[in-house]
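Structure at a glance
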Amino acid sequence: MGDPGHLDLEHFGALLAAQRAEREAEAAALAASLSDVRAARSDGTADDEHDPEGSTLSSDWSRISGLLAALRSRIDAIERAGERIDAGTYGICLRRGERIPLDRLEALPAAELCIACAREAEVRR
Ligand SMILES: [Zn+2]
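To keep things clear, this report deals only with the structure shown in the data block. What you see is a predicted model, and the numbers here were worked out from it, not measured in a lab.

Thoughts on the layout of surface pockets
- As a volume, the largest pocket reaches approximately 430 Å³.
- Together, 16 residues line the largest pocket, and Arg-104, Leu-108, Ala-110, Ala-111 and Glu-112 are the ones closest to its centre.
- Elements supplying a minimum of two residues to the lining of the largest pocket: helix H1 (9-42), helix H2 (52-87) and helix H4 (115-124).
- The class makeup of the residues in the lining of the largest pocket is 9 nonpolar, 1 polar and 6 charged.
- Shared between two domains, the lining of the largest pocket holds at least three residues of each, these being domain 1 (9-90) and domain 2 (91-125).

Structure, rendered in structure tokens:
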């Protein structure tokens, strides 16, 4: 009470839950298109080597798998943020332990780093 740095964990928990539901719906849709591609590739009409449609299917496959992998890592990040809420460490930069500004958390509830550390991590990559 009266702590200006107090985090409304319920609010961020709800944001995280909403984002998670959204990402999981997207992931489910992508997984469904992947199995469509898989079915199309294995029904014998598409030959990856010689059939132009086969190579389209291959590139669809890699594109969708890539999207799905990115989505899954975002879902993991959301899950880890939820664990930090439970552990009482939510909103604290994982690198140097400073508070992540509220507006950053509003925009990116699963943020693990403050803006400065995120920039540094970006540069190092
Ligand atoms: Zn930091």
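Observations concerning the side chain of Arg-104
- For Arg-104, the position within the fold is in helix H3 (residues 102-107).
- Among buried Asp, Glu, Lys and Arg side chains, Arg-104 stands out as unpaired, with Asp-103 the closest opposite charge at 7.8 Å.
- Apart from the residues lying within four places of it in its own chain, the contact partners of Arg-104 are Ala-111, Leu-113, Cys-114, Ile-115 and Ala-118.

What counts, and where the lines are drawn
- Residues numbered from 1 in each chain as written.
- Predicted model: local features only at pLDDT ≥ 70, side-chain atom pairs only at ≥ 80, totals over all residues.
- Heavy atoms only, no water.
- 1 Å grid on protein atoms, 1.4 Å probe; cavity = no way out; pocket = protein on both sides within 12 Å on 5 of 7 lines; lining within 4 Å.
- Points joined across faces, edges and corners; volume = space filled by probe spheres on them.
- Helix = DSSP H or I, 4+ residues; strand = E, 2+ residues; numbered from the N terminus.
- Nonpolar A, V, L, I, M, F, W, Y, C, P; charged D, E, K, R; others polar.
- Domains from an automatic or database assignment.
- Buried < 20%, exposed > 50% of the residue type's maximum accessible area, 1.4 Å probe, protein only.
- Lys, Arg positive; Asp, Glu negative; His and termini not counted.
- Salt bridge = Lys/Arg side-chain N within 4 Å of Asp/Glu carboxyl O.
- Contact = heavy atoms within 4.5 Å.

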